[in-house]
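# Examining the three-dimensional arrangement
One-letter residues, chain by chain:
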Amino acid sequence: MSTPALFQPIRLRDVTVRNRIAVAPMCQYLAVDGVPGAWHRAHHARFALGGVGMVIAEATGVTRDGRISPGCTGLWNDTQVAAWKEITDLHRAHGVISGIQINHSGGKGSTARPWEGAGPLVPGSAEPPWETVAASAIAMRPGWHVPRPATIPEIEEIVHAFGLAAQRAVAAGFDTVEIHGAHGYLLHTFNSPLTNQRADAFGGSRENRMRLPFLVAEEVRRAIPEGMPLLYRGSFLDNIEGGVTLEDSIALARGLKARGVDLVDCSAGGVVAPVSLLQQKMEHGYQVPIAEALRREAGLPSMAVGLITDPVLANAYVASGRCDMVALAREMISDASWPYRAAIALGHPEPESVLPLGYGFYLERRAKTQGR
């Protein structure tokens, strides 16, 4: 039996990922002053032992005001670097590639944690709100605060902050960096005509709306080593009339490739949530067609996301060339050893080899006693 496509390695610049399974970024909202703690170490330890090829850490603010909530992680100071280093050391010890998603929340920032209602922070609360900026003065949800349009000097500062955060990611031991350009956060609000009403060099035409994502990609590419892969997560469809189209995103992906991006992480929606999400039919692999189209039309490796839970279908997406990797989130919370279960389902000749040595040895012995 040959190794299934899902378990064949992939090389991105100087980094070899041992299989095509990634853990997608999942915000935990449990950091203190942007510093990941004991919860985050335990959270990532599950994935380090589960057999995935890559783990991408949660959306991490490039500035204090770039966080989504007061509980979100950051990379704007050295204390945060040291805390992240403990996590990347854990990944590396078990052969897992560490990635981190760097983000500026834009108009979706200054919000409470999900279990506190996820609404906008208000004056007088235990954790005071902060002013948010976006492409234009458009609230991200009904009843939310209205962000202030970012000035040109502020845009320049934010671009620089992305570069500094990328440098800190390198110092923290991450193997790859992912730029967050999706789900109604800052870069997406510039790219989408639904939220960009600017009349300057950052608004209007498609070329102008793509300007900020391109500047950030250039800045981050300069900030990280030549051999380190750069990823970009985008909402490559808004799923609302007048929003980002696939044609727009093919142009974006081609421009990102020209600026040194090595893989696109393909999501959709979220720019005026929850409306855009309600217009999507959510089923297994419902966003795979986006990854397939960008891979084909932009010549850029792609990662598929979106309720990917079935190992047979996940393997088929990779084997047929529809995408190069798959990313799982909630399914990995439910079953951190999903890769091992997938290996068995796909007839991997040595499924125990997917897990670290200690687990693999134990499972191999169990399989022998059970006559497999």
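Residues numbered from 1 in each chain as written. Predicted model: local features only at pLDDT ≥ 70, side-chain atom pairs only at ≥ 80, totals over all residues. Heavy atoms only, no water.

The next point concerns the overall build of the protein. Looking only at helices and strands, the protein has 13 helices and 12 strands in total. In summary, the protein has a C-alpha radius of gyration of 20 Å against a globular reference of 21 Å for 372 residues, a match within 12%. Structurally, the protein occupies a C-alpha span of about 70 × 45 × 40 Å along its principal axes. Considering only intrachain contacts with a sequence separation of at least 6, the fraction spanning at least 24 residues in the protein is 71%. On the protein, roughly 14,600 Å² of surface is accessible, and the fraction owed to carbon and sulfur atoms is 55%. Where the 35 positive side-chain charges of the protein centre and where its 36 negative ones centre are 4 Å apart. (Helix = DSSP H or I, 4+ residues; strand = E, 2+ residues; numbered from the N terminus. Rg over C-alpha atoms; globule rule 2.2 N^0.38 Å. Contact = heavy atoms within 4.5 Å. Areas by Shrake-Rupley, 256 points an atom, 1.4 Å probe, with all protein chains shown as cover. Lys, Arg positive; Asp, Glu negative; His and termini not counted. Charge placed at Lys NZ, Arg CZ, Asp CG, Glu CD.)

Bringing the environment of A343 into the picture now. Tracing the backbone through its elements, the reader meets A343 in helix α12 (residues 338–345). For the pair A343 and R259, spaced 84 residues apart in sequence, the C-alpha separation works out to 36 Å. Other than its neighbours up to four places away in sequence, A343 contacts F7, H348, P351 and V354.

What follows concerns the sheet that holds strand β10 (residues 263–267). Read once around its circumference, the closed barrel built from eight strands follows the order β3-β4-β5-β8-β9-β10-β11-β12, with strand pairing classed as parallel. If you compare each strand with its neighbour and ignore which way they point, the axes differ by 30° on average. Sheet topology places strand β3 (residues 21–23) next to strand β4 (residues 54–61); two bridges connect them, and they run parallel. Note on β4: the bridge partner recorded for A22 is M54. (Pairing = 2+ DSSP bridges. Axes fitted to C-alpha atoms, helices over the stretch in contact; angles between N-to-C directions.)

Enumeration over the complete set of coordinates arrives at 23 salt bridges. A salt bridge links R198 to D200, with the nearest nitrogen and oxygen atoms 2.8 Å apart. The class of R198 is buried, set by a relative accessible area of 12%. The salt bridge involving R254 is made with E297; its shortest N-O contact spans 4.0 Å. (Salt bridge = Lys/Arg side-chain N within 4 Å of Asp/Glu carboxyl O. Buried < 20%, exposed > 50% of the residue type's maximum accessible area, 1.4 Å probe, protein only.)

Here the focus is the pairing of β10. Burial analysis of β10 places five of its five residues in the buried class, which makes it a mostly covered element. Side-chain alternation along β10 places L263, D265 and S267 on one buried face and V264 and C266 on a second face that is also buried. Of the pairings in the sheet, the one linking strand β9 (residues 230–235) to β10 comprises five bridges and is parallel in character. Bridge assignment links L231 to a residue of β10, and that residue is L263. In this fold, β9 hands off to helix α7 (residues 246–258), which returns the chain to β10; that crossover is right-handed. (Right-handed = clockwise from strand over helix to strand, strands pointing away.)

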